[in-house]
Amino acid sequence: MITSIVVGFDGSEAAERALKMGCELALKFGARLEVCHTPLEETVTFAAEAISGFYVGPTAAHDEMLREAAVKMAERAKGIAAEAGMPDVEVHIGHGLPAANVLARAKEAKADLIVTGRRGLGAVKGLFLGSTSQEISKSAQCAVMTVA
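Basis of the calculations
Residues numbered from 1 in each chain as written. Predicted model: local features only at pLDDT ≥ 70, side-chain atom pairs only at ≥ 80, totals over all residues. Heavy atoms only, no water. Helix = DSSP H or I, 4+ residues; strand = E, 2+ residues; numbered from the N terminus. Buried < 20%, exposed > 50% of the residue type's maximum accessible area, 1.4 Å probe, protein only. Contact = heavy atoms within 4.5 Å. Areas by Shrake-Rupley, 256 points an atom, 1.4 Å probe, with all protein chains shown as cover. pLDDT = per-residue confidence, 0-100. Salt bridge = Lys/Arg side-chain N within 4 Å of Asp/Glu carboxyl O. Pairing = 2+ DSSP bridges.

Digging into the overall build of the protein
When helices and strands are counted, the protein shows six helices and five strands. Scanning the protein from its N terminus toward the C terminus, one meets helices and strands in the order β-α-β-α-α-β-α-β-α-α-β. Within the protein, the fraction of its 148 residues that count as buried is 43%. Considering only contacts in the protein between residues 6 or more positions apart, those separated by 24 or more positions represent 74%. If you sum the accessible surface of the protein, you get close to 8,500 Å²; carbon and sulfur atoms cover 58% of it.

Take a look at the structure:
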C-alpha cells in the first residue's frame, strides 16, 4: 500500500512528468504527496542568462536570487499538482544537494515511494558526479520510480 509519496522537482520537463505521475498515484491510492525542490546556483544562473541574453556567470546568482527562484518553482509545482487534482500539496525547499534533500524528506515523511524525473536540469554536473535520480535510486530506503 502506498500512503506517502515524495516527488523531486527541479522544473525540468521530466520533473513535470514525474510530478503528474506522483499526483496520479496519490489520487489512486489516497496517498499524501509532498514535493521537494532544491534550487541550484547553476540552474538559476542558466535561467538568468537565458532571460537576459547575456553571460551572467556563476557569481551573479546570489542568495536572494536563489530564494526568489525557489519560491517561483514551488508555485509552479503547486500549480501543476492542482491541475492534476492535488490542490493542497506541500512543497519543501531544500539547499545543498538535491538527492540528499529528497532522501531526507522521504525519510521524514515516511514515504513509501519517491518519484523523480530521469533527466533534470543538472545534466552537465550529472556526467561527472552521477545524476540525482541515480543517487536517489541507489540510496533510498523505499521504492523509487524514475519517470522518463
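Following the structure, the description resumes.
What to know about the environment of Cys36
Mapping Cys36 onto the fold places it in strand S2 (residues 32-37). Linking Cys36 and Gly8, residues 28 residues apart in sequence, is a C-alpha distance of 5.0 Å. Not counting residues up to four positions away in its chain, the partners in contact with Cys36 are Val6, Val7, Gly8, Phe9, His92, Asn101, Val102 and Arg105.

Some remarks on the confidence of the model for the protein
Counting all residues, the mean pLDDT for the protein is 85, and 76% of those residues have values of 70 or more. Within the protein, the lowest mean pLDDT, 45, falls on helix H5 (residues 123-129), and the highest, 98, falls on strand S1 (residues 4-8). Note on residues 123-130: pLDDT under 50 across the span, and five contacts to partners over four residues away in sequence or across chains.

Some thoughts on the pattern of salt bridges
Working definition: two side chains of opposite charge can pair if their charged atoms are close together. If you walk through the whole model with that rule in mind, you get six salt bridges. A salt bridge links Glu34 to Arg32, with the nearest nitrogen and oxygen atoms 2.2 Å apart. For Arg32, a relative accessible area of 41% translates into the label partly exposed. The salt bridge involving Glu34 is made with Arg105; its shortest N-O contact spans 2.6 Å. With Glu34 in strand S2 and Arg105 in helix H4 (residues 98-109), the pair connects residues that are 71 residues apart, well separated along the chain. Across the pair, Arg105 and Glu34 agree in class, each one buried. Here the residues in one salt-bridge network are Arg32, Glu34, Glu90, Arg105 and Glu108, joined through shared partners.

Regarding the pairing of S2
Burial analysis of S2 places five of its six residues in the buried class, the great majority of the element. Pairing geometry for S2 and strand S3 (residues 90-93), over four bridges, is parallel. The residue of S3 that forms the bridge with Cys36 is His92.

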